[in-house]
Structure formats: structure tokens, C-alpha cells
Amino acid sequence: MITPPGIGAGTSVLFYAGDQAVVDAHEPALKLLDGGTTYLGTDHGKPALFDVSLLGLMWGALNSFLHGVAIVETGGVKAQEFLPWAHMWLDAIKMFTADYAAQIDAGDEKYPADDATLETHLGALKHLVEESEALGVDTELPEYSEALMEGIIAQGHVKNSYAGVVKAYRRPNQ
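Residues numbered from 1 in each chain as written. Predicted model: local features only at pLDDT ≥ 70, side-chain atom pairs only at ≥ 80, totals over all residues. Heavy atoms only, no water.

Observations regarding the overall build of the chain
Right, so step 1: Counting secondary structure elements, the chain contains six helices and two strands.
Right, so step 2: For the chain, the succession of helices and strands along the chain, N to C, is β-α-β-α-α-α-α-α.
Right, so step 3: The C-alpha atoms of the chain give a radius of gyration of 20 Å, which is well past the 16 Å a tight globule of 174 residues would have.
Right, so step 4: With the principal axes as the frame, the chain shows a C-alpha extent of 60 × 45 × 25 Å.
Right, so step 5: Within the span of the chain, comprising 174 residues, buried residues form 24% of the whole.
Right, so step 6: By sequence separation, contacts in the chain at least 24 residues apart represent 56% of the contacts at least 6 residues apart.
Right, so step 7: Carbon and sulfur atoms make up 62% of the accessible area of the chain, which totals about 11300 Å².
Right, so step 8: Mean positive and mean negative side-chain charge positions of the chain (10 and 24 charges, respectively) differ by 5 Å. (Helix = DSSP H or I, 4+ residues; strand = E, 2+ residues; numbered from the N terminus. Rg over C-alpha atoms; globule rule 2.2 N^0.38 Å. Buried < 20%, exposed > 50% of the residue type's maximum accessible area, 1.4 Å probe, protein only. Contact = heavy atoms within 4.5 Å. Areas by Shrake-Rupley, 256 points an atom, 1.4 Å probe, with all protein chains shown as cover. Lys, Arg positive; Asp, Glu negative; His and termini not counted. Charge placed at Lys NZ, Arg CZ, Asp CG, Glu CD.)

And the structure:
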């Protein structure tokens, strides 16, 4: 994951995997490449999984940010005026993801709604879709999220937390 200014600047992450003895022998050189260089174990496929998952996270967050910019622009707000609020909200989202990761890893699929139920989230998403439409902003991104949530709710998870939406992304063989 190369972030500006690039490899060796302390802002990039290099994932690697393989034989532990080889890693141990070359770790000093690997660490010189960047501070975020991380060994993920012997499974050679794991670095690719992390890479593609983090890219998906990036594009999801960036698309959501840009959708938000398009909304505030309809009120004459500049992207840079919106930016501090977007950063503050992204920090809050990190707290949600920590709770949701713990719920998902617990494996019981009860997904306790410590913050809000899917029913509550769905109401807010519907509002986002309606406001986007009314403001002339594309609705495809929030409609996609709304459809995911409606599908999970239809399976009987209306009182679960947002973590339950992970089920919409999983294939039946998982």
C-alpha cells in the first residue's frame, strides 16, 4: 500500500508472507523499505487479501466522501470547508469498526446493536437517498447500501447492529 510520498518515507505498508526463516534472515532489509512493512505469516495469499481489501476500503471511503462533497456543494459549501467534519466523522467511524470487528469475530451472528439497530440505520439511509434525490445528487451509492441493509433485515436481522450487513457480502459457501 503505497501512500505519498512513497516507499521508504514511513507512510507505506508492505505486506509479505512466506517461510519464517527466510523472513528472519531478510527482515532488517525489508524493514528499511518502510515502517509499515508487516509479515503476515506463511500463507502466500494473505498479503494479496489484505491489499485488495484495503483498496476496497479506500474506494468506499473516498466515494462516500465525494458523495458528501456533492451534497454540501448544493448549498454552496466548498469541499475544504466540509473536510474537517469529514475527518472528524472518519475518526468516529473507526470506533464503530472496532466494535463491529469484535462482533463479527465472536461468530455468533447476534450482532448486538450497541450503537443503533439496522432499522435505525435504514431510516437514516432512506433519508440520505431522498435528500440526495431532492438535491439532484446521484443516489446510486446510498441506494446500494440501502438494498444491502434491506436484504439483511428481510432475513430477520432488523434489531442487529450494522455489523450484520457483513452477511450480505459473504457468499453462501463461507
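Focus: the confidence of the model for the chain
Right, so step 1: For the chain, per-residue confidence averages 90 on the pLDDT scale, and 92% of positions sit at 70 or higher.
Right, so step 2: Mean pLDDT across the secondary structure elements of the chain bottoms out at helix α1 (residues 20-33), with 84, and peaks at helix α4 (residues 118-135), with 97. (pLDDT = per-residue confidence, 0-100.)

Points about the side chain of Glu146
Right, so step 1: Within the secondary structure, Glu146 is located in helix α5 (residues 140-154).
Right, so step 2: A relative accessible area of 13% places Glu146 in the buried class.

A few points about the pattern of salt bridges
Right, so step 1: Under the definition given, this model contains six salt bridges.
Right, so step 2: Close ionic contact of Asp91 with Lys94 constitutes a salt bridge, the shortest N to O distance being 3.3 Å. On the criterion of helical spacing, the pair formed by Asp91 and Lys94 is a turn pair, its members being three residues apart in helix α3 (residues 79-106).
Right, so step 3: Accessibility expressed as a relative area gives 45% for Asp91, which makes it partly exposed.
Right, so step 4: The partner of Lys159 in a salt bridge is Glu119, with the nearest N and O atoms 2.7 Å apart. With a gap of 40 residues between them, Lys159 in the loop between α5 and α6 (166-169) and Glu119 in helix α4 connect regions that are remote in the sequence.
Right, so step 5: Relative accessible area serves as the criterion here: at 42%, Glu119 is assigned to the partly exposed category.
Right, so step 6: If you follow the salt bridges from partner to partner, you end up with Glu109, Lys167 and Arg170 in one network. (Salt bridge = Lys/Arg side-chain N within 4 Å of Asp/Glu carboxyl O.)

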